[in-house]
Amino acid sequence: MTIELWTSVDRYVEAALIEPDPVLDAALEASAAAGLPQIQVSASQGKFLHLLARIRGAASILELGTLGAYSTIWLARGLPPGGRLITLELDPKHASVAKENLRRAELADKVEVQVGKALELLPELKQKGQGPFDFVFIDADKQNLAEYFGWAMELSTKGSVIVVDNVVRKGAVLDEQSTDANVQGVRRLNDKLKQLTTVRATTIQTVGSKGYDGFTLALVD
Ligand code: SAH
Ligand code: DHB
Ligand code: MG
């Protein structure tokens, strides 16, 4: 079993289940042309997030880590009329590509891209009385996952859904002694989840065109 096979199955699933989408294709092209890292969710993962947000009936969504707004577009398209999405991005260049992609997707009026460090923007959101968010997608740097999850809880309410990307890391998450800050970030998140009594969570391992990784899915209650 190799990434070539997983990628072929992703292509098959895309052809079978995911309608051709010139706007999403254009977002990927513009992001690649601008030299952004190509680490966005896959199409099947993007649609998965879109479906989860719709299943939740999410009218307010918070995203950490915009990149070129590929996942943002999938999520924002799941919003009902009047719904809003706020997405946080550290890199001004990523944010500017994202804004252009959102404009092309005709989502600029529903989505606000905030530029800065998530750890600085999140307390500001709370202070300004933003939220509660029905759905949070955590996909920025992985070192601060535990802190991000804490803020996601602060900005959530009973019934909110929180999804965290990249929490398996080719199985590296098993290594207690890992010197990889990303791995330690995931392990600290799991330590925190074990302690929190107001959230139910699980992790689903994934394979596909992005390799071997996983999502954590959490429900606030
Ligand atoms: N969600 C995107 C991919 C995000 S990649 C998608 O699937 O389409 C991770 C992004 O997080 C990068 O654009 C990176 O610049 C941003 N990032 C990294 N550290 C950050 C921080 N401290 N605060 C906010 N964004 C950060
Ligand atoms: C990386 C970040 C991501 O959010 C992702 O889905 C894949 C890779 C990275 O930083 O390498
Ligand atoms: Mg990711």
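See above for the structure.
Residues numbered from 1 in each chain as written. Chains lettered and ligands numbered in written order. Predicted model: local features only at pLDDT ≥ 70, side-chain atom pairs only at ≥ 80, totals over all residues. Heavy atoms only, no water.

Undergrad: Where do I start with the coordination of the magnesium ion (ligand 3) in this structure?
TA: Coordination of the magnesium ion (ligand 3) by the protein comes from Asp139 (OD), Asp165 (OD) and Asn166 (OD1), over a distance range of 2.1 to 2.2 Å. The sequence motif formed by the donor residues of the magnesium ion (ligand 3) is D-x25-D-N. Within this pair, whereas Asp139 is found in the loop between β4 (135-138) and α7 (145-154), its partner Asp165 is found in strand β5 (residues 161-165), the two being separated by 26 residues in sequence. Residue Asp139 is classed as buried on the basis of its relative accessible area, which comes to 16%. (Donors = N, O, S within 2.8 Å, 3.2 Å for Na, K, Ca; no water. Helix = DSSP H or I, 4+ residues; strand = E, 2+ residues; numbered from the N terminus. Buried < 20%, exposed > 50% of the residue type's maximum accessible area, 1.4 Å probe, protein only.)

Undergrad: Any chance you could explain the environment of Leu155 here in plain terms?
TA: Inspection of the secondary structure puts Leu155 in the loop between α7 and β5. Leu155 gets classed as buried once you look at its relative accessible area, which sits at 1%. With 33 residues separating them along the chain, Leu155 and Leu122 place their C-alpha atoms 8.6 Å apart. The contact partners of Leu155, leaving out residues within four places of it in the chain, are Leu62, Leu122, Leu125, Lys126, Gln130, Gly131, Pro132 and Phe133. (Contact = heavy atoms within 4.5 Å.)

Undergrad: I tried to follow the site of ligand 1 on my own but got confused; where do I start?
TA: Lining the immediate environment of ligand 1, one finds 22 residues, of which Gly65, Ser71, Glu89, His94 and Asp139 sit closest. Between ligand 1 and Asp141, the relevant distance is 3.2 Å, taken from a nitrogen atom to a side-chain nitrogen or oxygen of the residue. One of the side-chain nitrogen or oxygen atoms of Tyr148 is found 3.3 Å away from a nitrogen atom of ligand 1. For ligand 1, whose free accessible area comes to 580 Å², the fraction covered by protein is 89%. Listing elements by their share of the shell around ligand 1, those giving two or more residues are α4 (70-76) and β2 (84-89). (Near = heavy atom within 4 Å. Polar contact = N/O pair within 3.5 Å; in protein donor to acceptor, adjacent residues only side chain to side chain. Areas by Shrake-Rupley, 256 points an atom, 1.4 Å probe, with all protein chains shown as cover.)

Undergrad: Looking at this structure, I do not really get the nonpolar core. What am I missing?
TA: Across soluble globular proteins, nonpolar side chains show a tendency to be buried alongside one another. Residues Ile61, Leu75, Phe135, Phe137 and Val163 are the most contacted members of the largest nonpolar core, which totals 30 residues. If you list the elements that add at least two residues to this core, you get α2 (22-33), α3 (43-56), α4, α5 (92-104), β3 (111-115), β4 and β5. Apart from the residues lying within four places of it in its own chain, the contact partners of Phe137 are Val41, Leu49, Leu62, Glu63, Leu64, Ser71, Leu75, Val163, Asp165 and Phe215. Judged by nonpolar contacts, the second largest core, of 28 residues, contains Leu62, Leu64, Leu125 and Val186. (Core = buried A, V, L, I, M, F, W, Y, C linked by side-chain atoms within 4.5 Å.)

Undergrad: I keep staring at the environment of Ala30 and nothing clicks. Help me out?
TA: Considering the arrangement of structural elements, one finds Ala30 in helix α2. Each C-alpha atom of the pair Ala30 and Val97 lies 7.3 Å from the other, and the pair is 67 residues apart in sequence. Ala30 has contacts with Val97, Asn101 and Arg104, leaving out every residue within four places of it along the chain.

Undergrad: Where do I start with the packing of α2 against α5 in this structure?
TA: When two helices pack together, their arrangement is given by the angle between the helix axes and by the axis-to-axis distance. At a minimum axis distance of 10 Å, the contact between α2 and α5 shows a crossing angle of 160°. Taken together, the axis directions place α2 and α5 in an arrangement best described as roughly antiparallel. Viewed along their axes, α2 and α5 form a crossing whose handedness is right-handed. Across the interface between the two elements, Val23, Ala26, Ala27, Ala30 and Ser31 from α2 touch Val97, Asn101 and Arg104 from α5. Residue composition of the contact of α2 with α5, by class: 5 nonpolar, 2 polar and 1 charged. (Axes fitted to C-alpha atoms, helices over the stretch in contact; angles between N-to-C directions. Parallel < 35°, antiparallel > 145°, perpendicular 65-115°, else oblique. Left-handed = near helix turned anticlockwise from the far one by under 90°. Nonpolar A, V, L, I, M, F, W, Y, C, P; charged D, E, K, R; others polar.)

Undergrad: Whenever I open this one, the site of ligand 2 confuses me. Can you help?
TA: With respect to spatial proximity, the complete set of residues near ligand 2 consists of Ile39, Asp139, Lys142, Asp165, Asn166 and Lys210. Take Asp165: an N or O atom from its side chain is 3.2 Å from an oxygen atom of ligand 2. Within the side chain of Asn166, an N or O atom sits 2.8 Å from an oxygen atom of ligand 2. Compared with its free state, where it exposes 290 Å², ligand 2 has 63% of that area covered by protein. Residues that form the shell around ligand 2 fall into these classes: 1 nonpolar, 1 polar and 4 charged.

Undergrad: What exactly am I supposed to notice about the packing of helix α6 (residues 118-127) against α7 here?
TA: Interhelical geometry of α6 versus α7 gives an angle of 15° and a closest axis separation of 10 Å. As summarised for this structure, α6 and α7 are arranged roughly parallel, according to the angle between their axes. Our pair here, α6 against α7, has a crossing hand that is left-handed. Only Glu147, Tyr148, Trp151 and Glu154 of α7 make contact with α6, whose side of the interface consists of Ala118, Leu119, Leu122, Pro123 and Lys126.

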